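# Per-entry structural report
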Amino acid sequence: MGKLAVGVAVGVAVATCAVAGVVVGRRLRSRRKWRRVVGVLRELEESCETPVGRLKQVVDAMAVEMHAGLASEGGSKLKMLLTFVDRLPNGSEIGTYYALDLGGTNFRVLRVQLGGTRSSILSKDVKRQRIPQHLMTSTSEDLFDFITSKLKQFVEQEETVSEAAQSRTRELGFTFSFPVKQISIRSGFLIRWTKGFAIEDMIGCEIIERLQAALMKKGLDMCATVLVNDTVGILALGHYYDADTVAAVKIGTGTNACYMERADAIIKCQGLLTSSGAMVVNMEWGNFWSSHLPRTTYDIEMDMESPNPNDQGFEKMISGMYLGDIFRRVLLRMCEESDVFGPVSSKLLIPFVLEMPLMAAMHEDDTPDLKVVAAILREKLEIQDVPLKARRLVVKVCDVVTRRAARLAAAGIVGILKKIGRDGTGGITGSRSRSDAKMRRTVVAVEGSLYTSYMMFREYLHEALNEILGEDVAQHVVLRTTEDGSCVGAALLAALHSSSSSSSEGLHRRR
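Our subject in this report is the structure included herewith. (Residues numbered from 1 in each chain as written. Predicted model: local features only at pLDDT ≥ 70, side-chain atom pairs only at ≥ 80, totals over all residues. Heavy atoms only, no water.)

Under the defined criterion, the tally for this structure stands at 13 aromatic pairs. For the ring pair Phe176 and Phe178, a centre distance of 5.0 Å and an interplane angle of 55 degrees mean the geometry is tilted. The same class applies to Phe176 and to Phe178, which are both buried. Measuring from centroid to centroid gives 5.4 Å for Trp285 and Phe314, while their planes differ by 85 degrees, and the two rings are edge-to-face. Taken as a pair, Trp285 in the loop between strand E11 (278-282) and helix H7 (297-305) and Phe314 in the loop between H7 and helix H8 (315-318) lie far apart in primary sequence, 29 residues in all. Under the relative-accessibility criterion, Phe314 is labelled buried at 0%. The aromatic ring of Trp34 is capped on one face by Lys389, whose charged end is 4.3 Å from the ring centroid. Here the guanidinium or amino end of Arg403 rests over the ring plane of Tyr460, the centre of that ring lying 5.7 Å away. (Phe/Tyr/Trp six-rings, centres within 6.5 Å; stacked < 30°, edge-to-face > 60°. Buried < 20%, exposed > 50% of the residue type's maximum accessible area, 1.4 Å probe, protein only. Helix = DSSP H or I, 4+ residues; strand = E, 2+ residues; numbered from the N terminus. Lys NZ or Arg CZ within 6 Å of the ring centre and 35° of its normal.)

Quick look at the structure:
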């Protein structure tokens, strides 16, 4: 019996050791898998680093590229397009004006009544309308027939009987947010379509002519007075509210910026004369690029697989259309490195499956157990039963991607301020130090869902702005949110350049 007992004891001990070995092995493998996932995050953090020194390099690069784009056509990645808007609304505008805003799969019609004093918009009516998919690839006649028919319905619904009886031709501002070669305040030729449009007979055609022909066909007594880009409209509205507004930035699905430049600084159009000595320049800053931008392997892969590789590099790092897909690519890499998130979901293989609002919702999830993160992973990406520590990792990835985007956007804004001497250093060619540069109050109008609806993005942008400028200078710079600027601003510019004043038509260039 003694020998049997000893044998049993030895067997139990061996079995216990074996079980312990299995448990320890599993723990070691689990730790290795977790370390691999954390390693992906650490690598991302290092690649996305934006210390203030690097941001200042981006600022300098932006200002230099702006200068080069103003010096010659094709001299910079920044197109620096002339808008022929040489003055901005100042509050004296009075009357009722309309606007039409076409910049994507939706368009808007708007009617404003202006009271003649600054910030005096007595009434504002807006209607949004989705463009049927087939019209985006049909003919220009079909597209403009549809738009003007909706505009006519809107006019008839909004006007009172007394207004309709007035003989004055209604005046319209047209916001057309596609690449345009503009030759005057109300004339421009379509260079190419973007955003899913592919209407071949419109390429190279004069835009206002097509719109005006459609208005006449509908029997609508309306004159398109100005043709503008959406950021120009935002700048116009910002200046209408605040005379210190010198630039406008849109940071939403896409991104762009414009600002008021001295006419004599636009070297590529020497001899250009304006009544104000200045002109709004549409930067098309989404195409900005610099070696100082912190690019990751995920950015490179996304760019190469996009419809426009090696194009819109800045936009692909900071705008809402792309942030969700950068996150998706990081999460896919994590899933390939480890089974912490379970099997690789087929949803993670679909480009742009995760839109920016969902990424923002995960980033800003303040529930103790990150229920919002779990729900989005489960319902949108079909990733089930993610442990809490992995959900925390998801939030961290959102944070890294968003923080880089916001800080780079801030650097872009300061680049504009540097170019026009509003950053406290005296400008791109200035030699004054911060201590002796006199700062004026400077307002930048900002629109776009990424800035207005994503709190963490907005906070990171403001934080970076303060770091780059320093508190003494930053206190003079105001970012002011506007609403419907691309549409309301076009109506304000229509009022400013109404048929009662023909001076704006004298400002043009050869096609």
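Right, let's get into the sheet that holds strand E10 (residues 255-262). Read across the sheet, six strands follow the order E1-E11-E10-E9-E12-E13 without closing on themselves; strand pairing throughout is mixed. Bordering the open sheet on either side are strand E1 (81-82) and strand E13 (477-481), each of which pairs with just one other strand. Two strands pair when backbone bridges link them, and strand E12 (residues 442-447) and E13 are joined in this way by five bridges, in the parallel orientation. Its bridge partner lying in E13, Val443 is registered against Val478. Along the sheet, helix H6 (residues 230-241) makes contact with strand E9 (245-251), E10, E11, E12 and E13, crossing E9 at roughly 135 degrees. (Pairing = 2+ DSSP bridges. Contact = heavy atoms within 4.5 Å. Axes fitted to C-alpha atoms, helices over the stretch in contact; angles between N-to-C directions.)

This part takes up the sheet that holds strand E3 (residues 106-115). In sheet architecture, strand pairing relies on hydrogen bonds along the backbone and comes in two forms, parallel and antiparallel. Spatial ordering of the open sheet is given by E4-E3-E2-E5-E8, a layout of five strands whose pairing is mixed. Of all strands in the sheet, those bounded by a partner on one side alone are strand E4 (121-130) and strand E8 (222-228). Neighbour-to-neighbour, the strand axes of this sheet turn through a mean angle of 20 degrees, independent of strand direction. In this sheet, E3 lies alongside strand E2 (residues 94-102) in antiparallel orientation, the contact comprising nine bridges. When the sheet's bridge partners are listed, Ile94 is paired in E3 with Gly115.

Here we come to the packing of helix H2 (residues 52-71) against helix H14 (residues 455-469). Two numbers describe how H2 lies on H14: the axes approach to 10 Å, and their chain directions differ by 85 degrees. In terms of axis orientation, H2 runs roughly perpendicular to H14. Residues Val52, Leu55, Lys56 and Val59 of H2 touch H14, and the partners they reach there are Ala464, Glu467 and Ile468. Tallied by class, residues from the contact of H2 with H14 come to five nonpolar, no polar and two charged. (Parallel < 35°, antiparallel > 145°, perpendicular 65-115°, else oblique. Nonpolar A, V, L, I, M, F, W, Y, C, P; charged D, E, K, R; others polar.)

Once that is clear, we can look at the pattern of salt bridges. The final tally for this structure, using the stated rule, is 32 salt bridges. A single salt-bridge network, built from bridges that share partners, covers Asp101, Arg108, Lys124, Arg128 and Asp484. (Salt bridge = Lys/Arg side-chain N within 4 Å of Asp/Glu carboxyl O.)

Under the 1.5 Å per step criterion, the end-to-end length of H6 is 17 Å for 12 residues, consistent within 8% with the ideal 16 Å. Counting buried positions over the 12 residues of H6 gives 11, a clear majority of the element. (Expected span 1.5 Å × (residues − 1).)

Moving on, we get to the environment of Tyr97. With respect to the helices, strands and loops of the structure, Tyr97 is situated in strand E2. For Tyr97, a relative accessible area of 6% translates into the label buried. Taking the C-alpha atoms as reference, Tyr97 lies 9.3 Å from Ala490; in sequence the two are 393 residues apart.

Glancing now at the environment of Trp34. Residue placement: Trp34 occurs in helix H1 (residues 2-47). Once the C-alpha coordinates of Trp34 and Ser338 are considered, the two residues, 304 residues apart in sequence, prove to be 7.3 Å apart. When near neighbours in sequence (up to four residues on either side) are disregarded, Trp34 contacts Val340, Lys389, Ala390 and Leu393.

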